[in-house]
Amino acid sequence: MDSKVDYKATLNLPKTDFPMAGNLARREPEILAEWQKQGIYERVLKAHERDPVFVLHDGPPYANGHIHYGHILNKILKDLVVKSRTMEGHRVPYVPGWDCHGLPIELAVDRELGPKKAGMSKAEVRRECDAYARRFMASQREEFQRLGVFGDWERPYLTLDHSYEESVVRALATFARDGYLYRGKKPVYWCAHCRTALAEAEVEYQDHASPSIYVRFPLEGDPAEIDPALAGARASVVIWTTTPWTLPTNLAVVLHPTFVYVAVPVALADGTEHLPEYLIVAKELAHRFLAACHLTSDPSGWIELPPEKSALLRGRRYQNPVGRTPKEPDFRVGFAAHVTLAQGTGLVHTAPGHGMEDYLYGQEHGLDVYAPVDDAGCYTADVPRWQGRNVHEVNTDIVSALHASGHLLSDPKDTITHSYPHCWRCKQPIVFRATPQWFIALDHAGLRKRSLEEIDRTRWIPPWGRNRIFGMIEHRVDWCLSRQRVWGVPIPCFYCDDCGATLVDAHVMEHVAEIFAESGSSAWFDRPAEALLPPGTRCQCGSQKLRKEEDIVDVWFESGVSWAAVCEGRKDHGVPVDLYLEGSDQHRGWFHSALLTGVGTRDRAPYKAVLTHGFVLDEQGRPYSKTEIEKARREGRTIEYLPPEEIIKKQGAELLRLWVASEDYRNDVVYSQNILDQLGESYRKIRNTVRFVLGNLFDFDPAKHAVAVADLQPLDRYFMGKLGRLCDRLRTAYEEYEFHLVFRALIDYCAVDLSAYYFDILKDRLYCDAPTAATRRSAQTVLYETARSLATLMAPIFAFTAEDVWRHLPRRKGDPESVHQARFSAPPDVPAGELEEEMPVLERLREATQKALEEFRAQKNKTIDAHVWLTLPMAEHLVAVKHEEALADYLVVARVDLQVGDERRTLVRRAEAERCPRCWKRVVARDGDLCPRCAAATTPARAPGGTTG
RNA sequence: GCACCUGUAGCUCAGCGGCUAGAGCGGGCGCUCGAUAGGCGCCGGGUCGGAGGUCCGAGUCCUCCCGGGUGCACCA
């Protein structure tokens, strides 16, 4: 009989039910079901009932489609915050929300309804939208929960909730009351065929041939004031445009303040002019311009107008032959930085009612938002010459008229093919047209300035977020609140049918808010105006014939007030909340709208800190999102996209949690199957390390067997101290939201400190000592604390696995059922001793020995059979001698002999002593003898062969 | 076009003015078979995106360029 087999049965080998394989795809749903059953979210909150509150307010994802990796990154990050802050000792309520109104849903519903929609009322369409939003909310909710994210999933907030809509209207009322809300005009995409405003998403770009014309506008006054050389001459500013129909709406010609212009003398083709004619264009574009117009001019006669001279053009009047009624020819030259030299003449025809930049320029310079074009895309009575004519059709007429009057410089038949916006539905070219809209005035009551101040009172993580949002708020234009759509919260204003006045009244709005609280915003569409107004409401003209506003409010305003709608009402919340956490695009979005609504209605930012993360990219650095994949597909590129559902089905959600935790979210994060597989390796390393610990605690009861710190074996004490420092580091990293450092430190600790080092040494004591030996209990005490600490510290990231670890851990009195109800474990303090200074020396010896042993092992030897001679310099020798007794165990070799030398040398031989058949240490004199330790461990009850019969 | 962010081994990250730039994982090789779909050891692998500059000294500070991302603008 081979005695080895027998002795194996006398060892204290690890025993545990904690499986080696995670089997996460199967195990996670079981854990989720248990959490669900025990109401884990409420339980966790309950466990922290008396702790200080920390509120992470959820930014609502859009209730459309399935979740993608961006959602996963965001939600898991939030969950890491919630779980880590909880375990650090806070009460952390988390109420998930959904953004339910807005265009994408409305469009999706349009598509589902098809032609049916034509016969439906607004209210009916809205009911379809409502159902659609709820459907996707429900599916996303399941998908988020599957990730192990804790939250109040039973009572999420939806922006279509009655109480939420009420809050939106109340916020509007506050803005109205304090005078921020006004009605103005702003250019929007407009489809004349469908007679509707279009959102960005509804616009398609197609190639389109447009007229390309150069037009001169004669300057009034004496050009000699600009340059004496122009004395007695005539001068014109020259513009280029592809939309002749906008010329009647021209209100300005704009130059760039730093470009050099030239006045180019030409002889015009019609020969009617007697005086020399100078055409003013940007110097850099002069040749191109002349060529395009088939004009010639000797450059020697050009008069250069450097910025200081062209500046004299500022405010100068010019004539526009097709411009606004000749009675008020107040066209003036101006300057702006948006002028470019890419095309044209370096002088920009500006029509504030029909172009965004033109509009902004007009706003700055007090120009009218002049848009004499009606819903059908036809000129109004303001343009008598072409009244009632469609602007696209009238283009050729306008070109002819300019040609006839001698103002057209180019060939009337010139065209240019470029991409031009078309209506996504009817495919007709669209126009840019100013229509009346509702705005919030940024500079009313210092809203902008106070918002900027609030930005500096907020903590931005990472810090550059501050600059980003600061610049945006600093430069943004007034907030256009209205949308010509049906799926949203109506703007609760009215119009007087008799005098046309607008009724913007905070009291009326508050009244509407109450109706919405009761019946939802659908009431606006279901009920007549009288039923929505407080009884007896009249226009200031005395009329009671009031008409409802048709526009709805921008969805960013809706989500922007979530802090009010969701957080203010809850007793465990409180505004400002501790943290907003979203993708960096939300500087322009939610962080922005929340800031403005917060400052506008409560005079403060609704958050104390804002954390942003980057985007998810694939391995090639391209955005990894469904829309991006689809786009690529359309363009004939292929990008592989495995939807997260499939990953979860195959590998579970835990790996996705590790992915989120392992990446530095401040940058863009890369997702790929390869990365996930790598994480799988790390996962297994950690899992097995923990499994080893659990296995060696099978006979350990902390209440009975724990050894006091002072009585621990030196190495154990050292590792208890190391553990304490690890815990401190990890908690700080959690606190600072540096999850990837937590992950890194966990891996490194498990792989390097524990598995390859501590445990390697410990195995002998754990397996071979008598079960109750003080030396073994000492090791188990540290293992136990290690397991506790790992289980709790890994719990925010390894939400599922940590739960299983916790369940397999010997219980201590008062331990909660779930690890998520526990706090981060703090191992006992270890007073700093001289060991802390000596260990690095020993560790160097260990490393050197291992290298030296490599050759020994290559000759089919076991390191446990090695006899090592260490020649050490005095400093190292002194330390080594001090620990001479333990050194062989520490290096996991048979025997170590020390001597002093000039430099470190290692010599390895096979040990001469015989092997103890139980512990394999070469310490016995005679083959077959047990070493004293093993002899003691096996007597009397566990004599060799005794257990196997 | 403008602004901001970003670029260290195959992958994920450390390193934040000073020894021949590190770790984990992956890879290669070997050992073990008492953590075994595991454990241990060793090895190879980087002109720190590029070019200038400041400095006794730069992955680390400055400037420019290149690649990637985001936002804005343009395209209208």
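Nothing here was measured: the structure is a model prediction, and the numbers come from that model. (Residues numbered from 1 in each chain as written. Chains lettered and ligands numbered in written order. Predicted model: local features only at pLDDT ≥ 70, side-chain atom pairs only at ≥ 80, totals over all residues. Heavy atoms only, no water.)

All right, on to the overall build of chain A then. Per the secondary structure count, chain A includes 32 helices and 33 strands. Its C-alpha atoms give chain A a radius of gyration of 39 Å, clearly above 30 Å, the size a compact globule of 949 residues would have. Along the first, second and third principal axes, the C-alpha set of chain A runs to 130 × 75 × 45 Å. Here chain A holds 949 residues, and 57% of them are scored as buried. Considering only contacts within chain A whose residues lie at least 6 apart along the sequence, 78% involve residues at least 24 apart. For chain A, the exposed area adds up to about 40,700 Å²; of that, 50% sits on carbon and sulfur atoms. Side chains of chain A carry 119 positive and 133 negative charges; the gap between the two charge centres is 4 Å. (Helix = DSSP H or I, 4+ residues; strand = E, 2+ residues; numbered from the N terminus. Rg over C-alpha atoms; globule rule 2.2 N^0.38 Å. Buried < 20%, exposed > 50% of the residue type's maximum accessible area, 1.4 Å probe, protein only. Contact = heavy atoms within 4.5 Å. Areas by Shrake-Rupley, 256 points an atom, 1.4 Å probe, with all protein chains shown as cover. Lys, Arg positive; Asp, Glu negative; His and termini not counted. Charge placed at Lys NZ, Arg CZ, Asp CG, Glu CD.)

Here we take up the environment of arginine 141. Assignment of secondary structure puts arginine 141 in helix H6 (residues 122-146). With relative accessibility at 21%, the residue arginine 141 sits in the partly exposed group. Along the chain, arginine 141 and tryptophan 98 lie 43 residues apart, while their C-alpha atoms are 9.4 Å from each other. Look past the residues within four positions of arginine 141 in its chain and what remains in contact with it is Trp98, Trp153, Glu154 and Pro156.

To continue, consider the packing of helix H26 (residues 739-768) against helix H29 (residues 835-858). Orientation of H26 relative to H29, taken along the N-to-C sense of each, is 90°, at an axis distance of 13 Å. By the angle between their directions, the pair H26 and H29 is classed as roughly perpendicular. Packed against H26, whose contacting residues are Ala756, Tyr757, Asp760 and Ile761, the element H29 presents Met839, Glu843 and Arg846 at the interface. Looking at the contact of H26 with H29, its residues break down into four nonpolar, no polar and three charged. (Axes fitted to C-alpha atoms, helices over the stretch in contact; angles between N-to-C directions. Parallel < 35°, antiparallel > 145°, perpendicular 65-115°, else oblique. Nonpolar A, V, L, I, M, F, W, Y, C, P; charged D, E, K, R; others polar.)

Another aspect to go through is the side chain of arginine 450. Relative to the helices and strands, arginine 450 resides in helix H12 (residues 447-455). Separated by 2.5 Å, the side chains of arginine 450 and aspartate 603 make a polar contact. Not counting chain neighbours up to four residues away, the residues in contact with arginine 450 comprise Tyr180, Ala445, Val599 and Asp603. (Polar contact = N/O pair within 3.5 Å; in protein donor to acceptor, adjacent residues only side chain to side chain.)

The subject of this paragraph is the sheet that holds strand S1 (residues 56-57). Overall, parallel pairing links the four strands, which are arranged S1-S25-S26-S18 in an open sheet. Only two strands of the sheet have a single partner each, and these edge strands are S1 and strand S18 (459-461). Across two bridges, the pairing between S1 and strand S25 (residues 577-583) is parallel. Bridge pairing in S25 places histidine 57 opposite tyrosine 580. (Pairing = 2+ DSSP bridges.)

This part covers the sheet that holds strand S9 (residues 252-255). Across the sheet, four strands lie side by side as S13-S14-S9-S15; this open sheet has mixed pairing. The sheet is open, and its two borders are formed by strand S13 (317-318) and strand S15 (347-350), each paired with just one other strand.

We now examine the layout of surface pockets. The gaps left among the atoms become clear once a water-sized probe is rolled over them. The calculated volume of the second largest pocket comes to roughly 980 Å³. Forming the boundary of the second largest pocket are 31 residues, of which Thr241, Thr242, Thr243, Gly355 and Asp358 lie nearest the centre. Residue assignment for the lining of the second largest pocket shows that the elements contributing at least two residues are strand S8 (234-241), S15, helix H10 (356-365), strand S16 (415-423) and strand S17 (431-440). In the lining of the second largest pocket, the residues fall into 14 nonpolar, 15 polar and two charged. (1 Å grid on protein atoms, 1.4 Å probe; cavity = no way out; pocket = protein on both sides within 12 Å on 5 of 7 lines; lining within 4 Å. Points joined across faces, edges and corners; volume = space filled by probe spheres on them.)

What follows is about the confidence of the model for chain A. On average, chain A scores 88 in pLDDT, and the residues at 70 or more come to 95%. Confidence over residues 1-5 falls short of pLDDT 50; this stretch has three contacts with residues more than four positions distant or in other chains. Between residues 942-949, whose pLDDT stays under 50, and residues either more than four places distant or in other chains, the model counts 11 contacts. As a predicted assembly, this complex carries a pTM of 0.89 together with an ipTM value of 0.94. (pLDDT = per-residue confidence, 0-100.)

All right, on to the pattern of salt bridges then. With the rule as written, the count across this model stands at 72 salt bridges. In this structure, lysine 309 and aspartate 227 form a salt bridge, with 2.7 Å as the shortest nitrogen-oxygen distance. Of the two residues, lysine 309 sits in helix H9 (residues 307-310) while aspartate 227 sits in the loop between strand S7 (213-218) and S8, which places them 82 residues apart along the sequence. The partly exposed category is assigned to lysine 309, whose relative accessible area is 29%. (Salt bridge = Lys/Arg side-chain N within 4 Å of Asp/Glu carboxyl O.)

When helix H31 (residues 884-891) is considered as a whole, its buried residues turn out to be Leu887, Ala888, Tyr890 and Leu891. One side of H31 carries all its buried residues, which in axial view fall inside an arc of 165°. Where H31 is buried, its residues meet helix H25 (714-735), H26, H29, strand S29 (866-872), helix H30 (874-882) and strand S30 (895-900). Following H31 by one or two positions, valine 892 adopts a phi angle in the positive range, close to 55°. (Arc of directions from axis to C-beta.)

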